[in-house]
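Architecture at a glance
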Protein chains: 2
Amino acid sequence: MVERGRPRAFDRNEALHRAMRLFWTRGYDGTSVSDLAEAMGINKPSLYAAFQCKEKLFYDAVALYEREEGGKFLEALQAGPTAREAVGEALRVNARLFADPQKPGGCMIVVSALATDPDHDAVRCFLSGNRSEAEAAYRKRIERGVAEGDVPAQADAARAAAFYAAIQAGMSVHARDGAGERSLLEIVDGAMAAWDHVVMPGIVDNGRPDETGRS
Amino acid sequence: MVERGRPRAFDRNEALHRAMRLFWTRGYDGTSVSDLAEAMGINKPSLYAAFQCKEKLFYDAVALYEREEGGKFLEALQAGPTAREAVGEALRVNARLFADPQKPGGCMIVVSALATDPDHDAVRCFLSGNRSEAEAAYRKRIERGVAEGDVPAQADAARAAAFYAAIQAGMSVHARDGAGERSLLEIVDGAMAAWDHVVMPGIVDNGRPDETGRS
DNA sequence: CCTTTTGTGTACCGTTCGGTACAAATTGCT
DNA sequence: AGCAATTTGTACCGAACGGTACACAAAAGG
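Residues numbered from 1 in each chain as written. Chains lettered and ligands numbered in written order. Predicted model: local features only at pLDDT ≥ 70, side-chain atom pairs only at ≥ 80, totals over all residues. Heavy atoms only, no water.

1. Structural notes on the overall build of chain A
Helix and strand counts for chain A come out as 11 helices and 0 strands. Going from N to C terminus, chain A has its helices and strands arranged as α-α-α-α-α-α-α-α-α-α-α. Dimensions of chain A along its principal axes, counting C-alpha atoms only, are 65 × 45 × 30 Å. Of all intrachain contacts in chain A linking residues separated by at least 6 positions in sequence, the fraction that spans at least 24 positions is 68%. Carbon and sulfur atoms make up 47% of the accessible area of chain A, which totals about 9,700 Å². Between the averaged position of the 27 positive side-chain charges in chain A and that of its 32 negative side-chain charges there is a distance of 5 Å. (Helix = DSSP H or I, 4+ residues; strand = E, 2+ residues; numbered from the N terminus. Contact = heavy atoms within 4.5 Å. Areas by Shrake-Rupley, 256 points an atom, 1.4 Å probe, with all protein chains shown as cover. Lys, Arg positive; Asp, Glu negative; His and termini not counted. Charge placed at Lys NZ, Arg CZ, Asp CG, Glu CD.)

2. A look at the interface of chain A and chain B
Contacts between the two partners involve 45 residues from chain A and, on the opposite side, 44 residues from chain B. Buried area between chain A and chain B, summed over both chains or domains, comes out near 3,500 Å², and the portion from carbon and sulfur atoms is 59%. Between A:R159 and B:E186 there is a salt bridge, with its nearest N and O atoms 4.0 Å apart. Remark: the boundary between chain A and chain B carries 12 residue pairs in polar contact (both at pLDDT 80 or more). Elements that contribute at least two residues to the side of chain A that touches chain B include exactly α1 (12-26), α7 (108-111), α8 (121-148), α9 (157-176), α10 (181-193) and α11 (195-199) of chain A. For the side of chain A that touches chain B, the leading source of residues is α9(A), giving 11 residues. Partitioning the side of chain A that touches chain B into residue classes produces 18 nonpolar, 12 polar and 15 charged. (Buried area = accessible area lost by both parts, 1.4 Å probe. Salt bridge = Lys/Arg side-chain N within 4 Å of Asp/Glu carboxyl O. Polar contact = N/O pair within 3.5 Å; in protein donor to acceptor, adjacent residues only side chain to side chain. Nonpolar A, V, L, I, M, F, W, Y, C, P; charged D, E, K, R; others polar.)

3. With respect to the protein's contact with DNA strand C
As a structural note, the neighbourhood of DNA strand C is formed by 24 residues, with A:G5, A:A9, A:N43, B:V33 and B:K44 the closest of them. Backbone atoms, meaning sugar and phosphate, make up 69% of the atoms of DNA strand C lying within 4 Å of the protein. At 3.4 Å from a base oxygen of DNA strand C is found a main-chain nitrogen or oxygen belonging to A:G5. Interatomic distance of 2.8 Å between a side-chain N/O atom of B:K54 and a phosphate oxygen of DNA strand C. Counting residues per element, the ones that place at least two in the surface near DNA strand C are α3 (44-51) of chain A together with α3 (44-51) of chain B. (Near = heavy atom within 4 Å.)

4. Brief notes about the protein's contact with DNA strand D
With respect to spatial proximity, 24 residues lie near DNA strand D, and among them A:V33, A:K44, A:K54, B:A9 and B:N43 are the closest. Protein-adjacent atoms of DNA strand D, using a 4 Å cutoff, are sugar or phosphate at a proportion of 70%. Here a phosphate oxygen of DNA strand D sits 2.7 Å away from a polar atom, N or O, in the main chain of B:A9. A total of 3 residues in the surface near DNA strand D trace back to one element, the largest contributor, which is α3(A). A breakdown of the residues in the surface near DNA strand D according to their chemical character gives 10 nonpolar, 6 polar and 8 charged.

5. Here we look at the relation of the copies chain A and chain B
Of the transformation placing chain A onto chain B, the axial shift is 0.0 Å and the rotation is 180°, giving an RMSD of 0.0 Å. In symmetry terms, the pair is related by a two-fold rotation axis. Most of the interface of chain A is mirrored in chain B, where 98% of its interface residues again form contacts. (Least-squares fit on C-alpha atoms with pLDDT ≥ 70 in both.)

6. Focus on the packing of aromatic side chains
All names here are of chain A. Tallied over the full model, the rule gives 18 aromatic pairs over all chains. A ring pair is formed by F23 and Y28, whose centres lie 5.9 Å apart and whose planes are at 10°; its orientation type is stacked. Considered together, F23 and Y28 belong to a single accessibility category, that of buried residues. Plain terms: the ring middles of Y164 and W195 are 5.8 Å apart, the flat faces sit at 35° to each other, and that makes the pair tilted. Here Y164 is found in helix α9, whereas its partner W195 is found in helix α11, with 31 residues between them in sequence. This pair shows no difference in class: Y164 is buried, exactly as W195 is. (Phe/Tyr/Trp six-rings, centres within 6.5 Å; stacked < 30°, edge-to-face > 60°. Buried < 20%, exposed > 50% of the residue type's maximum accessible area, 1.4 Å probe, protein only.)

7. Some words on unusual backbone geometry
Backbone geometry places A:Q52, a non-glycine residue, at a positive phi of 70°. On the secondary structure map, A:Q52 appears in the loop between α3 and α4 (54-68).

8. Quick word on the nonpolar core
A:F163, A:Y164, B:F163 and B:Y164 are the most contacted members of the largest nonpolar core, which has 144 residues in total. Filtering out sequence-adjacent residues up to four positions away, A:Y164 remains in contact with A:V87, A:L91, A:Y138, A:A191, A:M192, A:A194, A:W195 and A:V198. (Core = buried A, V, L, I, M, F, W, Y, C linked by side-chain atoms within 4.5 Å.)

9. A short note on the packing of helix α6 (residues 83-98) of chain B against helix α9 (residues 157-176) of chain B
Residue and element names in this part refer to chain B. Where α6 contacts α9, the two axes come as close as 10 Å, and the packing angle between them is 15°. When the axes of α6 and α9 are compared, the pair comes out roughly parallel. The two elements α6 and α9 meet at a crossing, and its hand is right-handed. Facing V87, L91, N94, A95 and F98 of α6, the residues of α9 in contact are Y164, I167, Q168, M171, S172 and A175. (Axes fitted to C-alpha atoms, helices over the stretch in contact; angles between N-to-C directions. Parallel < 35°, antiparallel > 145°, perpendicular 65-115°, else oblique. Left-handed = near helix turned anticlockwise from the far one by under 90°.)

Such coordinate-based values are descriptive only and should not be taken to indicate function.
Below, the structure written as structure tokens:
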């Protein structure tokens, strides 16, 4: 009793991928269901049968985005030997993603619904929550650095996470405005120069008197 | 021959101000003309008679935003005694604006149309151009710092401007997510810690060997 | 073969969109 | 007063919106 009835004539994942690209490019409000159906190569009833409604389709598309595009970011954030190197590499991974000429500019989670009408506030909040999760990922990685000894114990992980999350969001806007990979990597470079100060505000005024916080 | 015909029964500027607030909150796509008319306290024919169409109304609203909210930013950017202090103060002015609980979160020019359908691409490009102007303002202030001697001659003003413009955009997203003034000011503080490196990449690895660049 | 189950395409639903026709109302000018 | 110019409110326009009814097609199970 595995498959009853007429089989689906399209690849659900492929269709979802195309929907994701369209939402990413045009935003939630800027993408109509008719446009989606056309881009997905199906008719609207097929779309609704497979994805329930526009809003759920969007959530599925965001989940796919996180799996397809967010994976390398999270990997890089875990893989780096120190919190500093991990955060830097994670930002560089995203810089390359946001500026990829084969893809819509910037991060889908930032650009696709920043301001919406109150009817779609759930969508905006959903993305806002996802952004908070990204910030939390930065924070946890820095806290891990404290636990592992490569970040000073008195570090303000939450504050540093907010800083790097903001940098990442700014990179998305910049990418939307046509900034290239080089420009975004320069921004990352600048942000990483503030590491010591951001991680230990008040202790390190500026610059780093000593990098050997490691081990 | 100054005023013929029936006089307008509403204050055009007040109405535009209310439209600006609504666009700022909900974005271009998320704001309908009916909502606008209601918020402005007028009927649609009055709206169209006074502002031509939705798109032109939006442009007028953005211009008002720049006059009302962008003024203090530009002033601070010019007023600071050094480029460094001016950029820092300008960012702090915007941090307070973006987190003002009396106003919609973030910068209108960033949040109100990042991703739209192709029909409204002109709106997106208009805002993108305005963001470029803000970046140019940063660049010119830093170049002025070079001319006045408070910034080293070999400084990369364009790169630094891109960095601080990105920070500013990131602050808008963060403000939309509910970040308060304190959080945004901490981000500014972090960004300013990178000043020397950002202004002279490759020369100053990190930190500032000397702050007495002033005069 | 026949029923059940599910997907497909057409053609449509009510609502909202941006925008306007039109007649009444209110002013300045002569 | 009469005319020209302009705004106002009502009521409406065609188009696009998100979503669906329905008849038909294609598969599995009996």
